[in-house]
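# Secondary and tertiary structure notes
These are the residues of each chain, in order.
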Amino acid sequence: METQQSWRVRLSFKNVTIMLTVLNLITALFLLQGFLSSASSRNNRISSSNQFNSVQLSYVKESEEIRIAMQPWKLIKRVKEIEQEAYVEQETVQQKDAKQTAAVDLSKRLKDFRAINDAASLKALEEWRKRKMERARLRELEKNGTGTSQA
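Residues numbered from 1 in each chain as written. Predicted model: local features only at pLDDT ≥ 70, side-chain atom pairs only at ≥ 80, totals over all residues. Heavy atoms only, no water.

### Regarding the overall build of the chain
Looking only at helices and strands, one finds 3 helices and 0 strands in the chain. Each helix and strand of the chain, ordered N terminal to C terminal, gives the series α-α-α. Relative to its 151 residues, the chain shows a buried fraction of 0%. Total accessible area on the chain stands at roughly 14600 Å², and carbon and sulfur atoms take up 62% of it. (Helix = DSSP H or I, 4+ residues; strand = E, 2+ residues; numbered from the N terminus. Buried < 20%, exposed > 50% of the residue type's maximum accessible area, 1.4 Å probe, protein only. Areas by Shrake-Rupley, 256 points an atom, 1.4 Å probe, with all protein chains shown as cover.)

### A word on the pattern of salt bridges
The tally for this structure, following the rule as stated, stands at 5 salt bridges. Residue Arg 67 pairs with Glu 64 through a salt bridge whose shortest N-O separation is 2.5 Å. One end of the pair is Arg 67 and the other is Glu 64, both in helix 2 (residues 13–70) and 3 residues apart, which spans about a single turn. Among the residues examined, Arg 67 registers a relative accessible area of 42% and is labelled partly exposed. A residue is classified by how much of its surface remains accessible, and Glu 64, at 35% relative accessible area, is partly exposed. The partner of Glu 81 in a salt bridge is Arg 78, with the nearest N and O atoms 3.2 Å apart. Residue Glu 81 and its partner Arg 78 are located together in helix 3 (residues 73–150), separated by 3 residues, close to a single helical turn. A relative accessible area of 37% places Glu 81 in the partly exposed class. Linked by salt bridges that have partners in common, Arg 78, Glu 81 and Glu 85 make up one network. (Salt bridge = Lys/Arg side-chain N within 4 Å of Asp/Glu carboxyl O.)

### Focus: the confidence of the model for the chain
Low pLDDT means the predicted atomic positions in that stretch should not be read closely. Averaged over every residue, the pLDDT of the chain is 80; residues scoring 70 or more account for 81%. Confidence, read as mean pLDDT per element, is least for helix 1 (residues 2–10) in the chain (58) and greatest for helix 2 (85). (pLDDT = per-residue confidence, 0-100.)

### Points about a nonpolar patch on the surface
Together, Leu 11, Val 16, Ile 18, Leu 20, Val 22, Leu 23, Ile 26 and Phe 30 make up a nonpolar patch on the protein surface, roughly 740 Å² of accessible area in all. Here Val 16 lies in helix 2. (Patch = residues over 30% accessible without salt bridge, like charges linked within 9 Å, V, L, I, M, F, W, Y side chains within 5 Å.)

### A short note on a positive patch on the surface
A grouping of Arg 131, Lys 132, Arg 135, Arg 139 and Lys 143 is seen on the molecular surface, where their side chains present a positively charged patch. The residue Arg 135 is located in helix 3 in this model. (Lys, Arg positive; Asp, Glu negative; His and termini not counted. Charge placed at Lys NZ, Arg CZ, Asp CG, Glu CD.)

Structure follows, in structure tokens:
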């Protein structure tokens, strides 16, 4: 019985609360120490990486300057001019081709229209001539008919 009572004394709510508080404090101290040590090591790494980055940055700038200096700017400019000239020439050729085809098409249409119109005109002219001849013949017959009946 005494052993059970000694456990009860040791496991009172007050004692358990004190033990948990002490454990929480110890955990908080370990976390704080880890945070501070990582921050200081991070600062050391940042300062060394800044030095490393400045060296790398100078190398990058130097290589960029060399690359720009090595580019054939005159050649690039001339190629662009040639491309522009070719584009303008191609555009004028296309315009000339379009104008020529339009002119040829228009002349063909006019010739076809004239041919059709000429054929129609000739047909109409023939019909007009036939009617005129018929009228003239009728007039002649009337003159002859009236002239023979009077004489």
